[in-house]
Amino acid sequence: MGCPRSGTTFLLSVLAALPHARAHSGILIPHRLCHVVGAAAEGDPRTEDLLYSFRDTLWKILVSGVTSRAFHARDAMRHPGRARSALDVLAGRRAVDLSRYVLAYKEPFMAFAAARLAGHFRTARILHLIRDGRDCADSMDRTYGNALSDEVLRADGSLWRQVGTEIGVARRFEGSMLPWWVAEGREREFLSTSRIGRYLWMWRESVERGRQARGVAADRYAELRYEDLCRDPRSAGRMLTEFLGVEPSPRFDRALRRARASSIGIARGRGGTDSQPADVGRLLRELGYSG
């Protein structure tokens, strides 16, 4: 998990290259439902219902994947050392050993429900990818444009429901529909902030809520900096395989080597950010992002 535009798609492609890994993203745990779980009141029984629905979906996609003939045919071609066992499965001479396989699932907005997900998936390992919030905000502003604009947030329209996965669950405040993650009492401050300032606000909320998983599952939670992944992919690869308890592979190493550092510092290259809430600056400094 990680704030949108923090490199989670690239990280998933790296994890997909690990032996015995199945990688998926996006639609199995829908963006908006991550917000619903994150925004739910403590003790709301519907939260558990949703979490068990997530569990069922992920389990079924793993089982259906690793028991399919297509999966084992690809496995035999990609990994010559496992070709014999893959062919035995295809020929019906060997049953699929589910315990050999892992599912890597990526959804950035899981960060908004991180503590509850960590508490429910009690053996899952949680990778939190963190990128300089200014670069994240800059990229979101260029990629998603008006997703947090005044026009989208207008209470007399429906745009926030149509394009508002960044909003997810909203509450009405005067003439606007505000994202649930804007704290009560700070509504006017959020509305007076520039568009890129709102993305910085969302970045802070995403990082801080994602880090709450550490308090629930300290031994199953790890943070990885996007900048470290890009600048020193070999060290990042060692960290990943040690944390996940898996062996690397040549395919995994090749996937890591595709990392590029060219997008580090893009916000400064475009003149920086024009609006930075004070608590965003505090978190940037805490994470070691100076300037």
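This report concerns the structure included in the present document.

Reading the values: rules and limits
Residues numbered from 1 in each chain as written. Predicted model: local features only at pLDDT ≥ 70, side-chain atom pairs only at ≥ 80, totals over all residues. Heavy atoms only, no water. Phe/Tyr/Trp six-rings, centres within 6.5 Å; stacked < 30°, edge-to-face > 60°. Buried < 20%, exposed > 50% of the residue type's maximum accessible area, 1.4 Å probe, protein only. Helix = DSSP H or I, 4+ residues; strand = E, 2+ residues; numbered from the N terminus. Expected span 1.5 Å × (residues − 1). Core = buried A, V, L, I, M, F, W, Y, C linked by side-chain atoms within 4.5 Å. Contact = heavy atoms within 4.5 Å. Polar contact = N/O pair within 3.5 Å; in protein donor to acceptor, adjacent residues only side chain to side chain. Salt bridge = Lys/Arg side-chain N within 4 Å of Asp/Glu carboxyl O.

So, the packing of aromatic side chains
In the structure shown here, the tally under the stated rule is 5 aromatic pairs. On the basis of an interplanar angle of 20° and a centroid distance of 5.9 Å, the ring pair of F109 and F112 is categorised as stacked. On the basis of relative accessibility, which here comes to 3%, the residue F112 falls in the buried class. Considering the side-chain rings of F190 and W201, the 5.2 Å spacing of their centres and the 90° angle between planes classify their relative orientation as edge-to-face. Placement of the pair is F190 in helix α10 (residues 187-192) and W201 in helix α11 (residues 195-211), with a sequence separation of 11 residues. Since its relative accessible area comes to 0%, F190 is described here as buried.

Details of α11
Look at α11: 25 Å from first C-alpha to last across 17 residues, which is about the 24 Å you get at 1.5 Å a residue. Taken across its 17 residues, α11 has 14 buried, putting it largely inside the fold.

Regarding the nonpolar core
Among the nonpolar cores identified, the biggest contains 54 residues, and M1, W181, M202 and W203 are the most heavily contacted of them. Among the elements that line this core, the one with the most residues is α11, at 7 residues. Not counting the four nearest positions on each side in its chain, M202 is found in contact with C3, P4, F112, M140, L148, E166 and W181. Membership of the second largest hydrophobic core comes to 22 residues, among which are L12, L15, L224 and Y226.

A short note on the environment of D279
Within the secondary structure, D279 sits in helix α17 (residues 278-286). Residues D279 and V66 lie 213 residues apart in sequence; the distance between their C-alpha atoms is 45 Å. Leaving out residues up to four positions away in the same chain, D279 has contacts with R186 and R204. Engagement of the side chain of D279 in a polar contact is seen with the side chain of R204, the distance being 3.3 Å.

Some points on the pattern of salt bridges
Counted under the stated rule, the structure contains 20 salt bridges. Across the pair R204 and E208 runs a salt bridge, and its minimum N-O distance is 3.2 Å. Of this pair, R204 and E208 both sit in helix α11, 4 residues apart, which is roughly one turn of the helix. For R204, a relative accessible area of 5% gives the class buried. Judged by its relative accessible area of 26%, E208 is partly exposed.

Structural notes on the environment of R251
As for its placement among the helices and strands, R251 is situated in helix α15 (residues 250-256). Linking R251 and V14, residues 237 residues apart in sequence, is a C-alpha distance of 8.8 Å.

Here's the deal with unusual backbone geometry
Within the chain, H20 stands out as a residue other than glycine whose phi angle is a positive 65°. Summarising the element assignment, H20 is placed in the loop between α1 (8-15) and β1 (21-25). With relative accessibility at 18%, the residue H20 sits in the buried group. A positive phi angle is found at E174, which is not glycine, with a value near 50°. Inspection of the secondary structure assignment puts E174 in the loop between β4 (170-173) and β5 (176-179).

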